[in-house]
Amino acid sequence: MALTILPILGPISVSESLVAMITICMVYLIMRLMRTKIPEGLQKLPGPKPLPIIGNVLEVGNNPHLSLTAMSKCYGPVFQIQIGMRPVVVLSGNEVIRQALLKQGDEFAGRPDLHSSKFISDGKSLAFSTDQVGVWRARRKLALSALRTFATVQSESSEYSCALEEHISKEGLYLVERLNSVMKMEGSFDPFRYIVVSVANVICGICFGHRYSHDDDELLSLVNLSDEFGKVVGSGNPSDFIPFLRFLPSKTMKKFLDINARFSKLMKRLVTEHYDTFDKNNIRDITDSLIDHCEDRKLDENSNVQVSDEKIVGIVNDLFGAGFDTISTALSWAVVYLVAYPEVQERLHRELNEKIGKDRTPRLSDRPDLPLLESFILETFRHSSFLPFTIPHCTTKNTSLNGYFIPKDTCVFVNQWQVNRDPELWKDPSSFNPDRFLSADGTELNKVEGEKVLAFGLGKRRCIGEAIGRSEVFLFLAILLQRFKFNSMPGEILDMTPEYGLTMKHKRCRLRATPQPGFEVSGAAS
Ligand code: HEM
């Protein structure tokens, strides 16, 4: 006897349909039993009703920072969505985010086990992998100390205050020469294309003691592919949450795997060269210092944590990867904002002229004297919110927030974009206005306002490159503004709509850079 249930299934027998129904009931019961009970006094998280299999993917859409901000207005600062079969808690609002990441930091410091993370640095990334807490902490400490030693420690002998200042100054001046020659030859330039190589060279110098030419194919193909990386690891990528999507062909995923493979190959080559030429008495850069740690097993002196050599030396992959995409995206946005707001650019030129003049290159120590530039940078971070979410977090134990129960191992999205555009925190949040960060008389930076901008995360997972990032954006911009006026191409309208990803980029565009009076054009640089 045959019974037709659904046209797509075709005819199935009564016994087959009975088995199917029993299986569905069993799965449902097991899932109900596995669901952690909500402890007394706590509430179930609010949120939109999910569809079977896909959850709330359709409502989240292609711009999760916008859709999840809209949902927070409806469900409050702590709510739950489902991406595929996986529940995700979304945090918004300054107070709730500070409560979770600062006051309950340990409980929200994990990383979720996502499909895409397995391909980053062969699954051994410091930032993305699900390392046990002891291993992650030991690696993070090592990374911070390496950055301090090779970037920000004060230099006593050189004309620069620290290695970082030397790298940025030199690369900034190369960039100026390069833009001059591109302008001469082509009459316009693509900001991201040139900024990204200069920024990559700064972190490459610190990590590997090496710089690339602006035309180096290997570096160019890598840094220009960083968009694909961000698109896949940005919060809400469906194939991280809906397992069967991994098996469907995807151009973005293919490019993501390709960029990871190429990145790993380049990193392995640079690390191998360091092992081959390693000299304990001459530690040249971060890679050498990490190799030295492995040799000494210094890491194990004060702790019981065992971290493999691969995971120690692999830290350099994270520093290099995180160190170029974030900063070049910030700088590229800054140049686009200069063009979009010419009156702000004019005021910045005036500030630089008055405080620095034309006889010397700006320095990091000029920061307190350039409050408008500092305010412009803060407003660029706030308004673009180019890192709309932090890297996804994960709860490390059963916990609660705002009276809602959140089980262990729940994936958590932290909506930085919402905080930076929250009308409760900012007056007229959608307008670009650097003055909001200046004191009433316009002579000083209002640091309290500045601290409200959320760009580097908070708490245990807060970005370890924040000091480097802020210094680099400042000094590159000061050098560029001292020497150039930036304009759009005649008749072209700038499209400032961001493209969603881990780091949101503006659309690629062509701009003009005209030398400021007193800065004559020199030859080409590489
Ligand atoms: C403008 C520049 C930068 C911005 C806006 C930025 C922002 C961020 C954000 C939002 C996170 C995630 C925080 C979280 O998950 O809660 C992060 C993590 C991280 N950043 Fe940055 N970053 C910048 C520059 C850098 C630089 C220059 C480096 C290294 C030299 C760096 C290294 C890292 C690392 C290793 C992590 C992972 C930390 C961990 O998981 O423990 N970042 N960054």
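These figures come from a predicted structure and were not determined experimentally.

J.: What is the right way to look at the overall build of the protein in this model?
T.: Of regular secondary structure, the protein possesses 18 helices and 10 strands. Within the protein, the fraction of its 526 residues that count as buried is 53%. Long-range pairs, those at least 24 residues apart, make up 72% of the contacts in the protein between residues at least 6 apart in sequence. Total accessible area on the protein stands at roughly 25,000 Å², and carbon and sulfur atoms take up 56% of it.

J.: Whenever I open this one, the packing of aromatic side chains confuses me. Can you help?
T.: Both the distance between ring centres and the angle between the ring planes are used here to describe each pair of aromatic rings. Scanning the entire structure with this criterion turns up 16 aromatic pairs. Arranged with centres 5.9 Å apart and planes meeting at 20°, the rings of F263 and F320 form a pair that is stacked. With a gap of 57 residues between them, F263 in helix α10 (residues 251-276) and F320 in helix α13 (residues 315-340) connect regions that are remote in the sequence. What makes F263 buried here is its relative accessible area of 11%. Note on F320: relative accessible area 1%, which makes it buried.

J.: I'm lost on the site of the ligand in this one. Help?
T.: Around the ligand, the structure places 26 residues, and the nearest of them are R111, R140, H393, R461 and C463. Take I391: an N or O atom from its main chain is 3.5 Å from an oxygen atom of the ligand. Side-chain polar atom of H393 to an oxygen atom of the ligand: 2.7 Å apart, as the coordinates give it. Top contributing element to the shell around the ligand by residue count: α13, with 5 residues. The class makeup of the residues in the shell around the ligand is 16 nonpolar, 7 polar and 3 charged.

J.: Would you mind showing me how to read the sheet that holds strand β4 (residues 86-91) here?
T.: Strand-to-strand pairing in sheets goes through backbone hydrogen bonds, with the strands running parallel or antiparallel. Pairing within the open sheet is mixed, and its 4 strands lie in the order β3-β4-β8-β5. Whereas interior strands pair on both sides, the edge strands pair on one side only; in this sheet they are β3 (78-83) and β5 (393-394). With 6 bridges joining them, β3 and β4 adopt antiparallel strand pairing. Within the sheet, the bridge partner assigned to F79 lies in β4 and is V90. Against the sheet, helix α4 (residues 94-103) makes contact with β3, β4, β5 and β8 (411-414), and its axis sits at roughly 115° relative to β4, the strand it touches most.

J.: Please explain the side chain of S125 as it appears in this structure.
T.: By secondary structure assignment, the location of S125 is in the loop between α4 and α5 (133-152). From its side chain, S125 meets the backbone nitrogen of F128 in a polar contact 3.0 Å long. Setting aside residues up to four positions removed in sequence, S125 forms contacts with I120, D131, R139 and D318.

J.: What should I look at first to understand the confidence of the model for the protein in this one?
T.: Interpretation of the predicted coordinates at a detailed level should be avoided for regions scoring low in pLDDT. Mean pLDDT for the protein: 88, with 89% of residues reaching 70 or above. In the model, residues 1-10 has pLDDT below 50 throughout and makes 11 contacts with residues more than four positions away in sequence or in other chains. Two numbers describe this predicted complex: its pTM, 0.91, and its ipTM, 0.99.

J.: Can you walk me through the packing of α13 against helix α14 (residues 342-355) in this structure?
T.: Helices that pack against each other are described as a pair by the angle of their axes relative to one another and the distance between those axes. Between α13 and α14, the least distance of the axes is 5 Å, while the angle of their chain directions is 105°. Judged by the angle between their axes, α13 and α14 are roughly perpendicular. Judged by residue contacts, L338, V339 and A340 of α13 engage P342, Q345 and L348 from α14. Broken down by class, the residue content of the contact of α13 with α14 amounts to 5 nonpolar, 1 polar and no charged.

About the criteria used
Residues numbered from 1 in each chain as written. Predicted model: local features only at pLDDT ≥ 70, side-chain atom pairs only at ≥ 80, totals over all residues. Heavy atoms only, no water. Helix = DSSP H or I, 4+ residues; strand = E, 2+ residues; numbered from the N terminus. Buried < 20%, exposed > 50% of the residue type's maximum accessible area, 1.4 Å probe, protein only. Contact = heavy atoms within 4.5 Å. Areas by Shrake-Rupley, 256 points an atom, 1.4 Å probe, with all protein chains shown as cover. Phe/Tyr/Trp six-rings, centres within 6.5 Å; stacked < 30°, edge-to-face > 60°. Near = heavy atom within 4 Å. Polar contact = N/O pair within 3.5 Å; in protein donor to acceptor, adjacent residues only side chain to side chain. Nonpolar A, V, L, I, M, F, W, Y, C, P; charged D, E, K, R; others polar. Pairing = 2+ DSSP bridges. Axes fitted to C-alpha atoms, helices over the stretch in contact; angles between N-to-C directions. pLDDT = per-residue confidence, 0-100. Parallel < 35°, antiparallel > 145°, perpendicular 65-115°, else oblique.

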